[in-house]
Amino acid sequence: MREFIAAALPAVLFAATAAPQTPTCDALTGRDRTRAERLLATEHLYDCCDGTVAECLAARPPCSLARRLAEGICRRVAAGQDDARIRRSLSRRARSVMGGGAPPEVDVTAAPTAGEAAAPVTIVVYACARCPYCSRLVPALFEAVTSGALKGQARLVFRTFPIRGHEGSTEAGLAFVAAHRLGRFWPFALYAYRHFDEFSPEVQVEWAAAVGIDKAAFAAQLADPATREDLVASKKEGLVNGVEETPTLFLNGRRWVGDLDAVEILDAVGEETERLGGLQWVR
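Residues numbered from 1 in each chain as written. Predicted model: local features only at pLDDT ≥ 70, side-chain atom pairs only at ≥ 80, totals over all residues. Heavy atoms only, no water.

Asker: Would you mind going over the packing of helix H3 (residues 30-42) against helix H5 (residues 64-78) with me for this structure?
Answerer: Any two packed helices are characterised by how steeply their axes cross, that is the angle between the axes, and by the distance between the axes. Viewed as axis vectors pointing N to C, H3 and H5 meet at an angle of 145 degrees, and their least axial separation amounts to 10 Å. In this structure, the crossing between H3 and H5 has a hand that is right-handed. In contact with Asp32, Arg35, Ala36, Leu39 and Leu40 of H3, H5 contributes Ala70, Ile73, Cys74 and Val77. In the contact of H3 with H5, the residues fall into seven nonpolar, no polar and two charged. (Axes fitted to C-alpha atoms, helices over the stretch in contact; angles between N-to-C directions. Helix = DSSP H or I, 4+ residues; strand = E, 2+ residues; numbered from the N terminus. Left-handed = near helix turned anticlockwise from the far one by under 90°. Contact = heavy atoms within 4.5 Å. Nonpolar A, V, L, I, M, F, W, Y, C, P; charged D, E, K, R; others polar.)

Asker: Please explain the packing of aromatic side chains as it appears in this structure.
Answerer: What describes a pair of aromatic rings is the distance from one ring centre to the other and the angle between the planes of the rings. Counted according to the given criterion, the structure contains 13 aromatic pairs. Considering the side-chain rings of Phe158 and Phe176, the 5.9 Å spacing of their centres and the 50 degrees angle between planes classify their relative orientation as tilted. Residue Phe158 is located in strand E3 (residues 154-160), and its partner Phe176 is located in helix H8 (residues 169-181); the two are separated by 18 residues in the primary sequence. Given a relative accessible area of 2%, Phe176 falls into the buried group. A centroid spacing of 4.9 Å and a plane angle of 80 degrees characterise the contact between Phe185 and Trp186, whose relative ring orientation is edge-to-face. Residue Phe185 shares its accessibility class with Trp186, and that shared class is buried. In this structure an aromatic cluster arises from ring pairing among Phe142, Phe158, Phe176, Phe185, Trp186, Phe188, Tyr193 and Phe218. Between the NZ or CZ atom of Arg130 and the centre of the ring of Phe196, over which it lies, the distance is 3.9 Å. The positively charged end of Lys235 is found above the aromatic ring belonging to Phe161, 4.7 Å away from the centroid. (Phe/Tyr/Trp six-rings, centres within 6.5 Å; stacked < 30°, edge-to-face > 60°. Buried < 20%, exposed > 50% of the residue type's maximum accessible area, 1.4 Å probe, protein only. Lys NZ or Arg CZ within 6 Å of the ring centre and 35° of its normal.)

Quick look at the structure:
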């Protein structure tokens, strides 16, 4: 994997190589635009094209990854991120996409899934029912694979991974498993995440009823030792796969170590889809 290089280049090179950009890049002005042009002219792609982002944008046809990385760089510049943070983000994305190490062993047959089964990209997410960031990221991924930009491109596999430091994680995790055993995982999980700040172990029965689960059946599942066994199995699986915190994601078996930003993750999935389909060059 090519190391990202940060070296000052003459201003004339910026003008020569950074001309074809993206909507976000074109919207930048002043110092932000100058800084973005410098990053585009010094950061290299890790795939698809051997040059800098700016050089690969200028190629004919342009490399699609160059457009993706340029858009990401300019989005981060607009958000006020400094150069060092942007370079770290690019490096982490490269490590995530290019992979390495053994793929995770995931019991997909026992897991809730969303999206089309035949989708070329599988996103596995280990998430705690009481993880604040999970409460935002998981619904965004679900929407993307069921009705959004990743429909038909990716499917989402959910594995419950309670974190001891999150108060109520065991009770909430049992409720997630109970809802899955009753065939209503996604309605319940999305409802629970949507009402994240209203959680208590007792209110979960009402949440179940709100998504069409019989209260008595739900209570019975919560008390069933098999439900706890399923939760323990999911947690053990995550530990075997090196999961220590949530959310932890794997994209087609490669651990995502990039930023836990929905826009970034969805863009990386789009990149993976293009790579699998041989569409890295855009005409």
